[in-house]
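Observations on the model geometry
So you can see what is in the structure, the chains are spelled out below.
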Amino acid sequence: MATTKEQEAQPLPYPSYQSGPMQPQSAMPPASGPIPPTIPAPMSTAAQSTVCVQSTVIFGEFSTAMQCPHCQNTINTRISHQVGLLTWLVAGGICLFGGFLGCCLIPFCLDFCLDVVHSCPTCNHQLGVYQRLH
């Protein structure tokens, strides 16, 4: 079917916007004219890059099962305790309230006042520290 220049120059039929009650349209008029451009789908290529995401392990006060980033073995972390901020604050509080005759040393012997150090039992690398107070 041949089209003339007059038919191509005619505007597309759109619903008229008049003041007054709106009449619902039963169907959209058929589209005429050029089709709007679409975004092409990404092409897959044979050479794709891989992204390595290292998972974050949250260390707590107990041993954690994980893969050691140094020796790549699946392990349960070995834990040990070290003096941290909470230990010093509790010892200072005891000393402040009259426990200066040796009672202020008690927090250095209690595991729940000490920070927890996680290390690999295979390669002995330190993996993380759980601090009671930051």
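Structure's up top.
Residues numbered from 1 in each chain as written. Predicted model: local features only at pLDDT ≥ 70, side-chain atom pairs only at ≥ 80, totals over all residues. Heavy atoms only, no water.

What follows deals with the pairing of strand 4 (residues 115-119). Counting buried positions over the five residues of strand 4 gives five, a clear majority of the element. Side chains Asp115, Val117 and Ser119 of strand 4 all project onto a buried face; the interleaved residues Val116 and His118 project onto the opposite face, where all are buried too. Across five bridges, the pairing between strand 3 (residues 78-82) and strand 4 is antiparallel. Looking at strand 4, one finds that Arg78 is bridged to Ser119. (Buried < 20%, exposed > 50% of the residue type's maximum accessible area, 1.4 Å probe, protein only. Helix = DSSP H or I, 4+ residues; strand = E, 2+ residues; numbered from the N terminus. Pairing = 2+ DSSP bridges.)

This paragraph deals with unusual backbone geometry. Of note, the phi angle at Gln72 is positive, near 65 degrees, even though the residue is not glycine. Looking at the element boundaries, Gln72 is found in the loop between strand 1 (65-67) and strand 2 (74-76). Residue class for Gln72 comes out partly exposed when judged on its relative accessible area of 48%. At Asn124, a position not held by glycine, the phi torsion is positive, near 65 degrees. Judged by relative accessible area, Asn124 falls into the exposed class, the value being 52%.

A few words now on the sheet that holds strand 5 (residues 126-130). Taking strand neighbours across the sheet as the criterion, the three strands line up as 3-4-5 in an open arrangement whose pairing is antiparallel. Single-partner strands in this sheet number two, and they are strand 3 and strand 5. Sheet twist, expressed as the average angle between the axes of neighbouring strands with direction ignored, equals 25 degrees. (Axes fitted to C-alpha atoms, helices over the stretch in contact; angles between N-to-C directions.)

So, about the side chain of Thr87. With respect to the helices, strands and loops of the structure, Thr87 is situated in helix 2 (residues 85-96). With sequence-adjacent residues up to four places away left out, Thr87 is seen in contact with Pro107, Phe108, Cys113 and Leu114. (Contact = heavy atoms within 4.5 Å.)

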